[in-house]
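Coordinates in review
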Amino acid sequence: MAATEQNHYGTGRRKTATARVYLKPGSGRITVNDRSLDEFFGRETGRMIVRQPLEAVKLVSKFDIAVTVGGGGITGQAGAITRALIEYDETLRKPLRDAGFVTRDAREVERKKVGRRKARRGTQYSKR
């Protein structure tokens, strides 16, 4: 799906999840990885995390939303979609923050370094 004048694209990341969101004018259909929102997110909370920010800024019926999401868990993926919305239109940040949707922090997993056991944990010291 190429981004044209009426298509908008945003990327959101949360934990290890990445969401690529394509917005185009339409009736409000949301597809995630070529499946419907209800089919992709089995739990109601996942669906709510995706729909609530759209309802807060009244964009539910204005756009057809196509999301490609990968990595992380369900809440991480849903949170990434919110962040992609902000990337699409920076003016949405204030209303979304006031409604409490951007409080899900943008922390990401730190990569493992060479010579370390984990990202920051060193090897165990041995006296002998």
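Quick caveat: nothing in here was measured; it's all calculated off a predicted structure. (Residues numbered from 1 in each chain as written. Predicted model: local features only at pLDDT ≥ 70, side-chain atom pairs only at ≥ 80, totals over all residues. Heavy atoms only, no water.)

**Observations concerning the overall build of the chain**
Note the following rule: Numbered from the N terminus, helices here are DSSP runs of H or I no shorter than four residues, and strands are runs of E no shorter than two. To sort residues, take the accessible area from a 1.4 Å probe on protein chains only and compare it with the maximum for the residue type: under 20% means buried, over 50% means exposed, and anything in between is partly exposed. The criterion used for residue contact is that any of the two residues' heavy atoms lie within 4.5 Å. Shrake-Rupley sampling with a 1.4 Å probe provides the accessible areas, and residues are treated as covered by the protein chains on show and by no other component.
Along its length, the chain carries four helices and five strands. Seen in sequence order, the chain has helices and strands lined up from the N terminus as β-β-β-β-α-α-β-α-α. A burial count over the chain gives 35% of its 128 residues as buried. Counting contacts in the chain only where the partners sit at least 6 residues apart, residues at least 24 apart contribute 68% of the total. Summing over all exposed atoms, the chain offers an accessible surface of approximately 8300 Å²; the carbon and sulfur share of this is 49%.

**Looking at helix α2 (residues 44–56)**
How we decide: Take the residue count of a helix, subtract one, and multiply by 1.5 Å to get its expected span.
With 13 residues, α2 ought to run about 18 Å at 1.5 Å a step, and its terminal C-alpha atoms sit 18 Å apart, in line with that. Among the residues making up α2, those that are buried are Gly-46, Arg-47, Ile-49, Val-50, Pro-53 and Leu-54. Lys-58 occupies a position one or two residues after α2 and carries a positive phi of about 55 degrees.

**Concerning the sheet that holds strand β3 (residues 30–32)**
The cut-off we apply is this: DSSP bridges decide pairing: two strands pair if at least two such bridges lie between them.
Across the sheet, five strands lie side by side as β1-β2-β5-β3-β4; this open sheet has mixed pairing. Either end of the sheet is taken by a strand with one partner, and the two such strands are β1 (8–14) and β4 (35–36). The sheet contact formed by β3 and strand β5 (residues 63–70) spans three bridges and is parallel. Looking at β5, one finds that Ile-30 is bridged to Ile-65.

**What to know about the pairing of β5**
In terms of burial, β5 is a largely internal element, six of the eight residues being buried. As paired elements, strand β2 (residues 17–25) and β5 share eight bridges and run antiparallel to each other. Among the inter-strand pairings, Arg-20 is bridged to a residue of β5, identified as Thr-68.

**As for the pattern of salt bridges**
Quick reminder of the rule: When a carboxyl oxygen of Asp or Glu lies within 4 Å of a side-chain nitrogen of Lys or Arg, that pair is called a salt bridge.
Taken as a whole and judged by the stated rule, the model has seven salt bridges. Of the charged contacts, one joins Asp-64 and Arg-29 as a salt bridge, the two residues approaching to 3.9 Å between their closest N and O atoms. Separated by 35 residues along the polypeptide, Asp-64 in strand β5 and Arg-29 in the loop between β2 and β3 bring together distant segments of the chain. Between Arg-120 and Glu-110 there is a salt bridge, with the nearest N and O atoms lying 3.1 Å from each other.

**Considering the side chain of Asp-64**
Stated formally: N or O atoms within 3.5 Å of each other form a polar contact, as long as, within protein, one can give a hydrogen and the other can take it, and as long as residues adjacent in sequence are counted only when both atoms are side-chain atoms.
On the basis of relative accessibility, which here comes to 12%, the residue Asp-64 falls in the buried class. Within polar-contact distance, the side chain of Asp-64 engages the backbone nitrogen of Ser-27 at 3.0 Å. Among all residues touching Asp-64, those that are not within four sequence positions of it are Tyr-22, Leu-23, Lys-24, Pro-25, Gly-26, Ser-27, Gly-28 and Arg-29.

**Notes on the confidence of the model for the chain**
Let me state the cut-off plainly: Note: pLDDT gives the predictor's confidence per residue, expressed from 0 to 100.
Averaged over every residue, the pLDDT of the chain is 78; residues scoring 70 or more account for 90%. Ranking the elements of the chain by mean pLDDT puts helix α3 (residues 74–88) last, at 72, and β4 first, at 87.

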